[in-house]
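Listed below, chain by chain, are the residues.
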Amino acid sequence: VLILLALLAFAAVHAEDPFAGEDYEAGLIELEPGDEMFYWLFKSRGIPEEDPLVLWLTGGPGCSSELAVFYENGPWTINDDLSLERNDYSWNEISNLLFVDQPLGTGFSKTNKPDHYARNEDMVAETFYTFLTMFVEKFPEYKGRSFYITGESYAGHYIPAITAYIVAQKNPDINLISSAIGNGWVDPIVQYPMYNTFALENELIGSFHSTLLSAGYWICQNIIKTHIWFIALEECQLCTTTILGNPLKPAFNVYDIRIPCEHGSLCYDFTNLEQLIERKDVREALNVGQRAWSDCNQVVHTFMLGDWMTDLSSKVKYALDNDVGILVYSGDKDFICNWRGGEAWTNEIGWDGQDMFQSADYEKWYVEQEAAGEFKKVDKFTFLRVYDAGHMVPMDQPKNALEMLRKFIQKDF
């Protein structure tokens, strides 16, 4: 019996790691009793002791960063048999890559206090900063290490708020160099009318429809100025819905206009991830127990609805004014946070270099002699249009996205 128990104990300790092959740490950090935030850190495949720390935040609001781990810039993709295939263009090729489920309630991150669900970006930034300070205490090798924030979609709200909050704290342990916003929702009053511009340019609508939308979005903008957010959201979304057709079955994939929307509101099939997450060995490796997980949490999303119409571009200006670099990149086949909207808001944030930025010419961006996009840059502020990519640039253009990160870190952008 003793021998059998010993063998069972040995087998438990030496059970096969479903994520073998990567040097990683995953688990929960307790911010206070009842509030836990999930992180998944992948050590660099390069020189982990020297390479920077890069944070990735998925948007939503309320969507888990595990979506990016397996479908965008993480170390693997998932096969239909739930086996994992190595991603040679994972961003931990050149960085220590940190994925976090936030705000509280997203993914594996939980709170048992309803008033701790984020309702605005001040709450998002303050809570995340608490997590970050506790993270560098847990992993002191990252104290003072070059740190970069990246993310996409509704992270266009998160990233400016978190970046500005970190800058204001002047914490020597957090050496924030630059932040990158991918296909971000940042300034609604500027971005909403660009749905009309983008749709007309891509022949999603005709000229008469466009004329009607011009009037509709003018009303939308003026309601936003009243700060009556829910009425503004209703009006602005109504205009946008006329482009999509039937909201239950859009005429195209809002995240990539080249393909149909075939799998619910997110358009993509994440069934493999949902099944993988439920495996016992996966949950043991991630140190999350049996807690519930969802790709996008509707409770978090609902609490943040009042935040949807707020303008975060002033936080970008604050970062630039304090010598933190900003890269804004947009896949040019995305509708929902389209590149025309990204171009428009970056031209209007009112920083010292604004006039030069507005008048700057685009330069071509090449990856291995192939045109991968075009960008314009003034000082530490860059706007990049990524060719032939939808909302999720690292999924659609993995090689180019990794090269973009390399240039971002090396300050070539």
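Preceding block: the structure.
Cut-offs and rules
- Residues numbered from 1 in each chain as written.
- Predicted model: local features only at pLDDT ≥ 70, side-chain atom pairs only at ≥ 80, totals over all residues.
- Heavy atoms only, no water.
- Buried < 20%, exposed > 50% of the residue type's maximum accessible area, 1.4 Å probe, protein only.
- Helix = DSSP H or I, 4+ residues; strand = E, 2+ residues; numbered from the N terminus.
- Arc of directions from axis to C-beta.
- Contact = heavy atoms within 4.5 Å.
- Disulfide = S-S within 2.5 Å.
- Pairing = 2+ DSSP bridges.
- Right-handed = clockwise from strand over helix to strand, strands pointing away.
- Axes fitted to C-alpha atoms, helices over the stretch in contact; angles between N-to-C directions.
- Parallel < 35°, antiparallel > 145°, perpendicular 65-115°, else oblique.
- Left-handed = near helix turned anticlockwise from the far one by under 90°.
- Nonpolar A, V, L, I, M, F, W, Y, C, P; charged D, E, K, R; others polar.
- Polar contact = N/O pair within 3.5 Å; in protein donor to acceptor, adjacent residues only side chain to side chain.
- Phe/Tyr/Trp six-rings, centres within 6.5 Å; stacked < 30°, edge-to-face > 60°.

A. Just helix 12 (residues 313-321), in detail. Of the positions making up helix 12, those classed as buried are Ser 313, Val 316, Ala 319 and Leu 320. Considered in projection along helix 12, the buried side chains sweep an arc of 110° and stay on one side of the axis. On the buried face of helix 12, the contacting elements are helix 4 (155-169), strand 9 (175-184), strand 10 (325-331), helix 13 (339-346) and strand 13 (381-386). Looking one or two places after helix 12, you find Asp 323, whose phi comes out positive at around 70°.

B. Highlighting the state of the cysteines. Under the definition given, this model contains two disulfides. Covalent S-S linkage joins Cys 220 and Cys 236, the inter-sulfur distance amounting to 2.0 Å. Around the S-S axis, the bridge from Cys 220 to Cys 236 shows a dihedral of about 100° and counts as right-handed. Pair noted here: Cys 220 is in helix 7 (residues 207-226) and Cys 236 is in helix 8 (residues 229-244), with a separation of 16 residues, a long-range link. An identical accessibility class is assigned to Cys 220 and Cys 236; each is buried. Lacking any disulfide linkage, Cys 239 is separated from the closest cysteine sulfur, that of Cys 220, by 6.1 Å. Cys 239 gets classed as buried once you look at its relative accessible area, which sits at 7%. Between Cys 337, a free cysteine, and Cys 63, which holds the nearest cysteine sulfur, the sulfur-to-sulfur gap is 12 Å.

C. Main features of the pairing of strand 9. With nine of 10 residues buried, strand 9 is to be regarded as a mostly interior element. Two elements, strand 8 (residues 146-153) and strand 9, share eight bridges in a ladder whose sense is parallel. Bridging across to strand 9, Thr 150 finds its partner in Ala 180. Viewed along the sheet, the connection from strand 8 through helix 4 into strand 9 turns out right-handed.

D. Structural detail: the packing of helix 6 (residues 193-201) against helix 7. One way to put it is that helix 6 packs onto helix 7 with a least axis distance of 8 Å and a crossing angle of 165°. One finds that helix 6 runs roughly antiparallel with respect to helix 7. Where helix 6 crosses over helix 7, the two elements pack in a sense that is left-handed. Within the contact between the two elements, helix 6 uses Pro 193, Tyr 195, Asn 196 and Leu 200 and helix 7 uses Ser 207, Ser 210, Leu 213, Ser 214, Tyr 217 and Gln 221. Its residues assigned to classes, the contact of helix 6 with helix 7 shows five nonpolar, five polar and no charged.

E. Here's a closer look at unusual backbone geometry. A cis geometry characterises the amide bond from Gly 60 onward to Pro 61, with omega recorded as -5°. By secondary structure assignment, the location of Pro 61 is in the loop between strand 3 (53-57) and helix 2 (66-71). Note that the residue after Gln 102, namely Pro 103, is joined by a cis bond; omega there is 0°. By secondary structure assignment, the location of Pro 103 is in the loop between strand 6 (96-100) and strand 7 (110-111). For Asn 287, which is not a glycine, the phi torsion comes out positive at approximately 60°. Its relative accessible area of 48% is what places Asn 287 among the partly exposed residues. With phi around 65°, Lys 411 is a residue other than glycine that occupies positive phi space. By the secondary structure assignment, Lys 411 is in the segment after helix 16 (398-409). The class of Lys 411 is exposed, set by a relative accessible area of 54%.

F. Looking closely at the side chain of Asn 92. Note that Asn 92 resides in the loop between strand 5 (84-86) and strand 6. The exposure class assigned to Asn 92 is buried, which follows from its relative accessible area of 0%. Among the polar contacts made by the side chain of Asn 92, one reaches the main-chain carbonyl oxygen of Lys 43 at a distance of 3.1 Å. A polar contact is formed between the side chain of Asn 92 and the side chain of Ser 90, at a distance of 2.5 Å. Not counting chain neighbours up to four residues away, the residues in contact with Asn 92 comprise Glu 22, Phe 42, Lys 43, Ser 44, Arg 45, Gly 46, Pro 75 and Leu 97.

G. Representation of helix 6 within the structure. Residues of helix 6 that are buried: Pro 193, Met 194, Tyr 195, Asn 196, Phe 198 and Ala 199. Directly after helix 6, the chain includes Glu 203, whose backbone phi takes a positive value near 55°.

H. Layout of the packing of aromatic side chains. What the rule picks out here adds up to 39 aromatic pairs. Look at Phe 19 and Phe 70: their rings are 6.4 Å apart centre to centre, the planes differ by 45°, and that puts the pair in the tilted class. A residue pair is termed long-range when its members are at least 10 positions apart, and Phe 19 in the loop between helix 1 (2-13) and strand 1 (24-32) and Phe 70 in helix 2 qualify at 51 residues. Taking the relative accessible area as the measure of exposure, Phe 19 reaches 1% and is therefore buried. A relative accessible area of 1% places Phe 70 in the buried class. Judged by centre distance (6.2 Å) and plane angle (40°), the ring pair of Trp 185 and Trp 308 falls under tilted. Remark: Trp 308 occurs in the loop between helix 11 (298-303) and helix 12 and Trp 185 occurs in the loop between strand 9 and helix 5 (188-191); sequence separation between them is 123 residues. Here Trp 185 falls in the buried class, since its relative accessible area comes to 4%. With a relative accessible area of 18%, Trp 308 lands in the buried category.

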